[in-house]
Structure formats: C-alpha cells, structure tokens
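# Reading the structure
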Amino acid sequence: MRSLLTKAAGLTCLFALTVTGCSTGSGGSSDAAPGATGKAASPQSPRASEKTEKAEKAASSVSYAPYVSATTASGNDSAGSPATYNLAFVISDGRGCTPKWDGAYAIDDTAVKSRIVALKKSGTPVRVSFGGASGKELAATCGSVSALAKAYGRALDAAGAGQADFDIEGDAPADSASVALRSQAIKELQRQRPGLKVTFTLPVMPSGLDADSLALLESANEYDVQVSTVNVMTMNYGESYTGDMGEYAITAAKATHTQLKKVFGLSDAAAWQGMALTSMIGVNDVAGETFTLSDAARVRAFAEEKKIAWVSMWSTFRDQPCEKGESSQDEAATNCSGVSQSAGAFAEAFAR
C-alpha cells in the first residue's frame, strides 16, 4: 500500500510513504476470519502449516528485503521468504554514462537476466540498487540530467523493476554537483515513470545522519523527488564503537526518525513508516563490531514496534558460517558472516 502525504508548508517535496514489498498495509491487523470457538483444532498438514507461516508474515507491516548479488546466486537468497530483493549494484562502467552490473557486466547480460528471472519466479519483485561502496555511481560520470535518467531507466528496464534504491556512501554524499544532478535525474525519471518508488540508502551513526546525507535529502526536496523510504545502514561506525550493535542500530534509528520528521515535515508514525534499516550481519568491516543473531532479533522486534517499512541485511551471500580460515572476529569475509550460525539464520531472524 502506498499513501501520499502532502508535506508541511515551506517544504516542496512529497514524501511518498510506502510499504513496498509488503503483502498488506494492515499495520499488523489481519483480514483472516477469526477461528471457530468450541471446537478442537484440527492438525495442519505440512503444506497448510507453511501457508499459515507465510500468511502470518504477510500480515506484518514490516517487510524483509535483503541485498542480493545481481550476478551470482546464493543458496540463502530465498531464506526468510523475502518480500523484495535489492539487486546490488548498478554503477558506471568507469569511463562514462554506461550502466553496468558491478561495473563489469552489461546491463542486458544474459546470465544476469536469467538470474533476475529466477529471483522473480516466485512473484517476489526486485529493487535495483544504484551505487554502493565500490566504483563510481552514475551521477558522478554522466554529463546531463537526461543522460543520467536514461542510464537509470535502462537498468530498471533490464531488471523489470518499478523500484530504485540509491545507495550513496563514501565520498559521494559530499559531492554536491552529483547530488544535484542525481536529484534532477530522479525527478525526470519519476515524471516518465509515475509509479517509480525511490529509496535512498545512506550511512548512519548512532547520532543519526551526517550533514552531507541530510543535504542530499534536502536536495531531493528541492527538486520535488518523491521518496518512498530512507534506508539507513546501521554498520561500520568506527573503532570507538565497540558496544552492542543491536543497541547502536536502535539508537541510530531513533536519531534518524527525529531528523526525518524535520526534513520532510512528518508525523511520528509517518517518519517511522518512511524508514528502513539495513545491518551488516556478523563481523563488520570495522574491528570490534559484530552484529549477532540476537541483534537481528532485537532490530526486527523494534521495527515491528515502530512499524518501520522494511528491514534488510548485507547480504544473503554472507548469511552462512565461514569455513575454517575464511574469517576472524577482526576481519569481515565477503561470503560468510564470521559468527556461529546455520545457513540462512539471519534471514529467518529478520523475517520472523
């Protein structure tokens, strides 16, 4: 369900709240008929039990939408029955305005297309994620609004996606020229594709979004971008943050909530509904930071309490135990979490 809220006076943009990927926007209520009373319950078959579990997840207001590789399948992709897949990442080819998966695979690469078809086979939609921590986001290499909008559109069409995630991190949020160009291109893209849902994925600290990220959101306001969700990356805070990663995530969410209310002129409830949370599971890139399964359960419970739009993780291909020698408590591995777990356990904790 998507509700469009008119912003407070003095703010020009519409903040288009969405629970994209949720099967219902019931806020936790269910349309299921109440159970019969006065009769003993009949045992459920395994298939019926599975349907009941899926129905219970659908009734939640909080989606689970993990980041997955656009190029390589993982056996953990479907764990937790995701509501949406975030396809990581589309960036520049490094020389100009040509979009490529991971900067290396053509946007119409047949293997990638087959991968996306397989992900969507069960009816789960995909959200194309532009940017990430490596390479160059297209706004830094495209020379005009029209060229940038066209590049974004090519990737969305290749994936058959009606949702776009802009993961802006590293030095990119401080590049005011690319920030403005991106905002204008997204506005043009939404003019061409009225149903396009846009998410900004931004780095965060326990104290909230930094000045550059707030300026990026203000730029979206200035150019009338309709933002569905602001997804904050609750990870990699710095070497001085060696405490409870679950608590840090919740503290960061609360601080960001206050900021979103101010930037977009939203009520308490609307600001929570316009937020998403993404954690880096297991051993993070910063020494001393480890996000555990119990942290995931706490974040999920908090998201349920506040009716946050969706929760996510980096990433499905890390949601498995490491083999001996693959990781340590001080070094994150690319293909495993570095903590004791069963395969897909973080997905199940986030999806609950």
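Residues numbered from 1 in each chain as written. Predicted model: local features only at pLDDT ≥ 70, side-chain atom pairs only at ≥ 80, totals over all residues. Heavy atoms only, no water.

Within an unreviewed UniProt entry, the label attached to the protein reads Chitinase, and the organism entered is Streptomyces carpinensis.

Core analysis: the largest hydrophobic core is formed by 80 residues, its most contacted members being W101, F130, F200, L217 and F350. For this core, the leading source of residues is helix α6 (residues 245-264), giving nine residues. With near-sequence residues (within four places) excluded, F130 lies in contact with V90, E137, L138, Y152, A155, L156, A164, D165, F166 and D167. (Core = buried A, V, L, I, M, F, W, Y, C linked by side-chain atoms within 4.5 Å. Buried < 20%, exposed > 50% of the residue type's maximum accessible area, 1.4 Å probe, protein only. Helix = DSSP H or I, 4+ residues; strand = E, 2+ residues; numbered from the N terminus. Contact = heavy atoms within 4.5 Å.)

Here the focus is the packing of helix α5 (residues 211-222) against α6. In the contact formed by α5 and α6, the axes pass within 10 Å of each other and the chain directions differ by 30°. It follows from the interaxial angle that α5 and α6 lie roughly parallel. The way α5 lies across α6 gives a crossing that is right-handed. Taking contact as the criterion, the partners of L214, L217, E218 and N221 in α5 are, on α6, Q259, L260, V263 and F264. Grouping the amino acids of the contact of α5 with α6 by side-chain chemistry returns five nonpolar, two polar and one charged. (Axes fitted to C-alpha atoms, helices over the stretch in contact; angles between N-to-C directions. Parallel < 35°, antiparallel > 145°, perpendicular 65-115°, else oblique. Left-handed = near helix turned anticlockwise from the far one by under 90°. Nonpolar A, V, L, I, M, F, W, Y, C, P; charged D, E, K, R; others polar.)

With the rule as written, the count across this model stands at 10 salt bridges. For R182, the salt bridge goes to E137, with nearest N and O atoms at 3.2 Å. With R182 in helix α4 (residues 176-192) and E137 in the loop between β8 (126-131) and α3 (145-159), the pair connects residues that are 45 residues apart, well separated along the chain. As far as burial versus exposure is concerned, R182 and E137 are alike and both buried. R300 is the salt-bridge partner of E304, the closest N and O atoms lying 2.5 Å from each other. Within this pair, E304 and its partner R300 are both found in helix α8 (residues 293-306), separated by four residues, close to a single helical turn. For E304, a relative accessible area of 21% gives the class partly exposed. By relative accessible area, R300 is classed as buried at 1%. Salt bridges here are not isolated pairs; linked through shared partners, they connect D244, E247 and R298. (Salt bridge = Lys/Arg side-chain N within 4 Å of Asp/Glu carboxyl O.)

Moving on to α6. With 20 residues, α6 extends 28 Å between its outermost C-alpha atoms, agreeing within 8% with the 28 Å of an ideal straight helix rising 1.5 Å per residue. Burial analysis of α6 places 14 of its 20 residues in the buried class, which makes it a mostly covered element. For α6, the capping residue at the N-terminal end is D244, with a side-chain oxygen 2.9 Å from the backbone nitrogen of G246. G265 occupies a position one or two residues after α6 and carries a positive phi of about 65°. (Expected span 1.5 Å × (residues − 1). Polar contact = N/O pair within 3.5 Å; in protein donor to acceptor, adjacent residues only side chain to side chain.)

Turning our eyes to something else, we now look at the environment of S63. With respect to the helices, strands and loops of the structure, S63 is situated in strand β3 (residues 63-64). On the accessibility criterion, S63 (3% relative accessible area) is buried. When the C-alpha atoms of S63 and A83 are compared, they prove to be 5.9 Å apart, with 20 residues separating the residues in sequence.

Okay, the packing of α6 against α8 next. For the pair α6 and α8, the least separation of the axes is 8 Å and the interaxial angle reads 25°. On the basis of the axis angle, α6 is roughly parallel to α8. α8 is crossed by α6, and the crossing has right-handed handedness. Contact with α6, carried on its side by M245, G246, E247, A249, I250, A253 and K254, involves D295, R298, V299 and F302 of α8 and no other residues of that element. In terms of residue class, the contact of α6 with α8 is built from six nonpolar, one polar and four charged.

Going through the model one piece at a time under the given rule, you end up with 13 aromatic pairs. Aromatic pair F130 and Y152: ring centres 4.7 Å apart, planes at 65°, arrangement edge-to-face. Residue F130 is located in strand β8, and its partner Y152 is located in helix α3; the two are separated by 22 residues in the primary sequence. Here F130 falls in the buried class, since its relative accessible area comes to 0%. Between the aromatic rings of F166 and F200, the centroid separation amounts to 6.0 Å while the plane-to-plane angle is 40°, which identifies the pairing as tilted. One end of the pair, F166, is in strand β9 (residues 163-167); the other, F200, is in strand β10 (residues 197-203), and 34 residues separate them in sequence. Judged by relative accessible area, F166 falls into the buried class, the value being 0%. Feature note: the residues Y67, F89, W314 and F317 constitute an aromatic cluster, connected by ring pairs. When the ring centre of W310 is taken as reference, the NZ or CZ atom of R127 above it lies at 4.3 Å. (Phe/Tyr/Trp six-rings, centres within 6.5 Å; stacked < 30°, edge-to-face > 60°. Lys NZ or Arg CZ within 6 Å of the ring centre and 35° of its normal.)

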